[in-house]
Amino acid sequence: MSSAERHGISVDVDHNPYLAEGSGTVDAIVSVTADVAATAAEPDRVEAIIIDCSTSMQAPIEKFEAAKRATAAAIMELVDGTYFTIVDGTEKAASVYPKEGLARASTETKAAAMRAVDGLRPHGGTAMGTWLAHVRGIVGQRKGAITHAILLTDGKDEHETPEELGAEIGLSEGEFTCDCRGVGTDWEVDELRAISTALLGSVDIVADPEDLAEDFASMMKASMGKSIPDLTLRLWTPAGATVEFVKQVAPTVEDLTHRRSDGGNQCGVYPLGSWGNEDRDYHIQVSVEPAAVGREKLAARVSVVAGEEVLGEGLVKAMWTADTALSAQISRRVAHYTGQAELAQAVQEGLSARKEGDVKVATAKLQRAMELAVESGNDGTAKLLRGVVEVDERTGTVQLRRDVAAADEMALDARSTRTARVRKES
Amino acid sequence: MTPEASCPQCDTVVAQTDRFCEGCGASLADAPRVAIPRHQHGTDAPCPDCGNAAAFDEYCTVCGHRRKEPDRDEATLGAMVLITDRGIEHSHNEDAAAAGMLAAKDAEIPDVIAVAVCDGVSSSAEAHRAAVAASTAGVDAMLAAVAVSKKPRAAMLAGLEAATAAAASAGTDSGSAPSCTYTAAIVIPTAGGTAQVTVGNVGDSRSYWLPEPPAPARQLTVDDSLAQELITAGASADSEAVRRGAHTLTRWLGADSDPEPWSESSVQTITVTGPGTVLLCSDGLWNYLPDAADIARLCSGVDPGAAARALTEFALRAGGQDNITVAVIPIGEDR
């Protein structure tokens, strides 16, 4: 049985293949669905949990107690046999359990890990780059495993330069995936987003420490559901073509354009991270040299690859026509996800203008965001937007709220990349 | 029980699975066959658009251009000539034709012929797959059945059944449901320049009998189209409703068709006396030549190849809005 059979990967392309004479821009939504059979061989798994042990975690002390309970909840979710490490993060990083290398999850090691976590005390500063470096050094021992980390912090990265953090993020790319959580409101969304985006994970705020345990348990459960370590997207384009962008657009917007590495034979390769039973959508835009009316070209061949094995493939075709009724159509899904990407950008730009005190730009951007969220049925983002702006129900115009809870604003920022799926035709 | 057959050369009883006759050694399996269009995809020629010499099937691995299909394919089998042409308006040819011959046991009498023409329905994806699959499966099944017994009606029904199954499974790889028309003929020549012609039909491709004048030319098949239903119900052939329904099929082959899409009454056998021509064609031809007498005029007094080309050229000159396929089978000609 080949792994293509074990891992049913399907690739579907949705686009309008018709182009007007002289035009060469092709947009397509590529949906990748993984149907991971229960009989699939269990892959090696490595988990790292990094707990921020800076002194600010004890203000109030309930915050640190909640972090310890959350770590215990995540440990409980570890499937037996999973390799794991618990890391104490301050201005440096240290292994809490095991003291060196990786432990293998069992009833005994899990209990020992929980005891070690219980003994932790806040004692220092914050330098997330050193945390990443520490994890990288340990998980590198098990190549080919599904390697995942959870990073928890409550503050800004203070005891290293942004350049040092950036360098460590770069070195960790492709080594492990990382979900980042900020507890409270004294941390920076952009800082954690830089880590989670590069390491193909998620970022979110947990405003109330009481909610941490549930969040950690569900993150770990989701990670245990992954069973394909590393998929890549291989994109073939014809000679003379330019890949304008490759973006994941569902469940969240993640721009992969600059993650391209050369795959030879006119192919670019993009990392897709680890997969469980799930589906993700990608928006690909390619500019090709226009062909004559009546001709057809392959604008892109999209393959989902594990190692060297192609598990699924979709063709993006382009046909040139003189019939403008055909070429003027825009695929519903392309239009929808173009809107979702614009929505995420409008939210982030609006919030950043608001921070800088530019009321005019902030209002315009957030009004546009509200329109896009409502139009596309992105109720989650619309609801979060209402915490930051007031909408005049009659005119639809928005006004910045005078008093905005920091947690509401950070939640909107952190969750701005979450997209709505295309609504079913009614 | 294995059905038995007789060797077409020497009448020895043979098993249907035998490849050679035990009596005379004649080949039983290798009835000569043709199918067009050939090389729809896949050729070793370099890419005509960028010169890429690496092998590729449909799309060039360098410039991405889809390989241009040849405009026309022509095949000869015995005295019969088949042509399929992309036409002018369509970028792909979704028609297909196939034919095969079974050597008659009497050397004085011409071979038995089975032929099928299919027109892929453009509104279905990858319609050419259904047309190619149905035409070749239909011909194979007709020849196999005729070899067992010379009962042409049973052979025609066997062909319809095989063609239906082939069209239905033609799109299962790609998940599409391609569909097509199907018109077929079995010609069993008899002594003295006469022949028994059996036709069967699903959709709006047609079969004609076109004798040399002054005998009248006639259409042997009845279209399975909305237009034909209206005409049968009494509507004028010139009426607006009939014109609009001209290409709306009421029967077709494909994954979304009935399990037995043919009408039993579409299968008919007539005895014709040559010289003359049995013609099978897709609507790409008869759209421009709705009157059988006009088709007959283009076939009269010329060899089958010239007739097939003249018909195709006529449709192209008239606009070539659809793919054009013709199969010209001479009856009562000297071989």
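What you are looking at is a predicted structure, and each value in this text was computed from that prediction instead of being measured. (Residues numbered from 1 in each chain as written. Chains lettered and ligands numbered in written order. Predicted model: local features only at pLDDT ≥ 70, side-chain atom pairs only at ≥ 80, totals over all residues. Heavy atoms only, no water.)

S.K.: Mind laying out the overall build of chain B, listing which residues take part and the relevant values?
M.R.: When its secondary structure is counted, chain B shows 7 helices and 16 strands. Within chain B, buried positions represent 50% of all 335 residues. Put simply, 65% of the contacts in chain B that link residues at least 6 apart link residues at least 24 apart. Carbon and sulfur atoms form 51% of the exposed surface of chain B, whose accessible area is close to 14600 Å². (Helix = DSSP H or I, 4+ residues; strand = E, 2+ residues; numbered from the N terminus. Buried < 20%, exposed > 50% of the residue type's maximum accessible area, 1.4 Å probe, protein only. Contact = heavy atoms within 4.5 Å. Areas by Shrake-Rupley, 256 points an atom, 1.4 Å probe, with all protein chains shown as cover.)

S.K.: Please give an account of the nonpolar core that cites residues and values.
M.R.: Residue and element names in this part refer to chain B. With 33 residues, the main nonpolar core has Ala134, Met142, Cys180, Tyr182, Ile186 and Leu253 as its most contacted residues. Mapped onto this core, the elements with two or more residues apiece are β6 (95-102), β7 (112-119), α1 (127-148), α2 (152-169) and β9 (182-189). When residues in this core are grouped by element, the largest group, 9 residues, is from α1. Ignoring any residue separated from it by four or fewer positions in sequence, one finds leucine 253 in contact with Ala134, Ala163, Thr164, Ala167, Pro178, Ser179, Cys180, Tyr182, Val202 and Pro261. (Core = buried A, V, L, I, M, F, W, Y, C linked by side-chain atoms within 4.5 Å.)

S.K.: Would you mind going over the interface of chain B and chain A in detail, with residue names and values included?
M.R.: Chain B puts 12 residues into the contact, and the matching count from chain A is 12 residues. Between chain B and chain A, the buried area comes to about 990 Å², and carbon and sulfur atoms account for 49% of it. Of all residues in chain B, Tyr59, Val62 and His65 of chain B bury the most surface against chain A, accounting for 47% of the area lost on that side. Arginine 66 of chain B is paired through a salt bridge with glutamate 296 of chain A; the nearest N and O atoms lie 3.0 Å apart. Connecting chain B to chain A are 8 residue pairs in polar contact (both at pLDDT 80 or more). (Buried area = accessible area lost by both parts, 1.4 Å probe. Salt bridge = Lys/Arg side-chain N within 4 Å of Asp/Glu carboxyl O. Polar contact = N/O pair within 3.5 Å; in protein donor to acceptor, adjacent residues only side chain to side chain.)

S.K.: Talk me through the side chain of threonine 419 of chain A; I want residue IDs and the actual numbers.
M.R.: All names here are of chain A. Here threonine 419 shows up in the segment after α12 (406-414). A relative accessible area of 15% places threonine 419 in the buried class. Those residues in contact with threonine 419 that lie beyond four places of it in its chain are Val249, Ala250, Pro251, Thr252, Val253, Tyr337, Gln340 and Asn378.

S.K.: Describe in detail helix α11 (residues 379-386) of chain A, supporting the description with residues and values.
M.R.: Residues and elements named next belong to chain A. Residues of α11 that are buried: Thr381, Ala382 and Leu385. The buried residues of α11 all sit within an arc of 105° when viewed along its axis, so they share a single face. Facing away from the buried side of α11 by over 90 degrees, the exposed positions are Asp379 and Lys383. Check the buried side of α11 and you find it contacts α9 (332-355), α10 (359-376), β19 (389-391) and α12. (Arc of directions from axis to C-beta.)

S.K.: Break down the packing of helix α6 (residues 189-198) of chain A against α12 of chain A for me, with residues and values.
M.R.: Residue and element names in this part refer to chain A. Between α6 and α12, whose axes approach to 10 Å, the crossing angle comes to 25°. Our classification of the angle between α6 and α12 gives roughly parallel. Remark: the crossing between α6 and α12 carries right-handed chirality. Of the residues in α12, those touching α6 at Val189, Asp190 and Arg193 are Met410, Asp413 and Ala414. Of the residues contributing to the contact of α6 with α12, the split by class is 3 nonpolar, no polar and 3 charged. (Axes fitted to C-alpha atoms, helices over the stretch in contact; angles between N-to-C directions. Parallel < 35°, antiparallel > 145°, perpendicular 65-115°, else oblique. Left-handed = near helix turned anticlockwise from the far one by under 90°. Nonpolar A, V, L, I, M, F, W, Y, C, P; charged D, E, K, R; others polar.)

S.K.: Provide a residue-level description of the environment of alanine 292 of chain A, including the pertinent values.
M.R.: Of note, alanine 292 of chain A is situated in the loop between β16 (278-287) and β17 (296-306). C-alpha separation for the pair alanine 292 of chain A and glutamate 21 of chain A, spaced 271 residues apart in sequence, amounts to 7.0 Å.

S.K.: Run through the packing of α1 of chain B against α2 of chain B, naming residues and quoting values.
M.R.: Residue and element names in this part refer to chain B. For the pair α1 and α2, the least separation of the axes is 7 Å and the interaxial angle reads 150°. The pairing of α1 with α2 is recorded here as roughly antiparallel in orientation. The interaxial crossing formed by α1 with α2 has right-handed handedness. On α2, the residues touching Ala130, Ala133, Ala134, Ala137, Gly138, Ala141, Met142, Ala145 and Val146 of α1 are Ala155, Met156, Ala158, Gly159, Ala162, Ala163, Ala166 and Ala167.

S.K.: Report on the sheet that holds strand β2 (residues 18-20) of chain A, specifying residues and quantitative values.
M.R.: The strands that make up a sheet pair up through hydrogen bonds in the backbone, lying either parallel or antiparallel. Residues and elements named next belong to chain A. As summarised here, the arrangement of the 6 strands in space is β2-β18-β17-β11-β15-β14, forming an open sheet in which the pairing is mixed. Two strands lie at the open edges of the sheet, namely β2 and β14 (261-264), each paired on one side alone. Direction aside, the axes of adjacent strands within the sheet are offset by 30° on average. Examined bridge by bridge, strand β11 (residues 228-236) and β17 share 5 bridges and lie antiparallel to one another. Its bridge partner being in β17, tryptophan 236 is matched across the sheet by arginine 301. (Pairing = 2+ DSSP bridges.)

S.K.: Explain the side chain of serine 263 of chain B to me, and be specific about the residues and the numbers.
M.R.: Residues and elements named next belong to chain B. Following the sequence through the fold, serine 263 ends up in the loop between β13 (253-254) and β14 (268-273). Using a relative accessible area of 15% as the deciding quantity, one classes serine 263 as buried. Separated by 2.7 Å, the side chains of serine 263 and serine 265 make a polar contact.

S.K.: Tell me about the sheet that holds strand β3 (residues 33-36) of chain B, and please be specific about residues and values.
M.R.: Residue and element names in this part refer to chain B. Pairing in this open sheet of 6 strands is antiparallel, and the strands run β3-β6-β7-β9-β10-β14 from one edge to the other. Of all the strands in the sheet, just β3 and β14 have a single pairing partner and so form its edges. Sheet twist, expressed as the mean angle between neighbouring strand axes with direction ignored, is 15°. Summarising the sheet, β6 and β7 pair through 8 bridges and their orientation is antiparallel. In the strand pairing of β7, alanine 96 is matched with cysteine 118. With respect to the sheet, α1 is in contact with β3, β6, β7 and β9, its orientation differing from that of β6 by roughly 15°. Across the sheet, α2 touches β9 and β10 (194-202), and the angle it forms with β9 is around 150°.

S.K.: Describe in detail the environment of alanine 167 of chain A, supporting the description with residues and values.
M.R.: Position of alanine 167 of chain A relative to the elements: it lies in helix α5 (residues 162-172). As for alanine 167 of chain A and glycine 339 of chain A, which are separated by 172 residues in sequence, their C-alpha atoms are 33 Å apart.

S.K.: Tell me about the pairing of strand β12 (residues 242-250) of chain A, residues and numbers included.
M.R.: Residue and element names in this part refer to chain A. Among the 9 residues that make up β12, 7 are buried, leaving the element largely enclosed by the rest of the structure. One ladder, built from 7 bridges, connects β12 with β16; its direction is antiparallel. If you follow alanine 250 over to β16, its bridge partner there is aspartate 281. For β12 and strand β13 (residues 254-255), the ladder comprises 2 bridges, and the chain directions are antiparallel. By the bridge assignment, lysine 247 is partnered in β13 with aspartate 255.

S.K.: Pulling in residues and values, what's your account of the packing of aromatic side chains?
M.R.: Aromatic ring pairs are described here by two measures, namely the spacing of the ring centres and the angle between the planes. Applying the stated criterion across every chain yields a total of 1 aromatic pair over all chains. Its guanidinium or amino end placed over the ring of tyrosine 83 of chain A, arginine 142 of chain A lies 4.0 Å from that ring's centre, counting from NZ or CZ. Note that arginine 206 of chain B overlies the ring of tryptophan 286 of chain B, its terminal NZ or CZ placed 3.5 Å from the centroid. (Phe/Tyr/Trp six-rings, centres within 6.5 Å; stacked < 30°, edge-to-face > 60°. Lys NZ or Arg CZ within 6 Å of the ring centre and 35° of its normal.)

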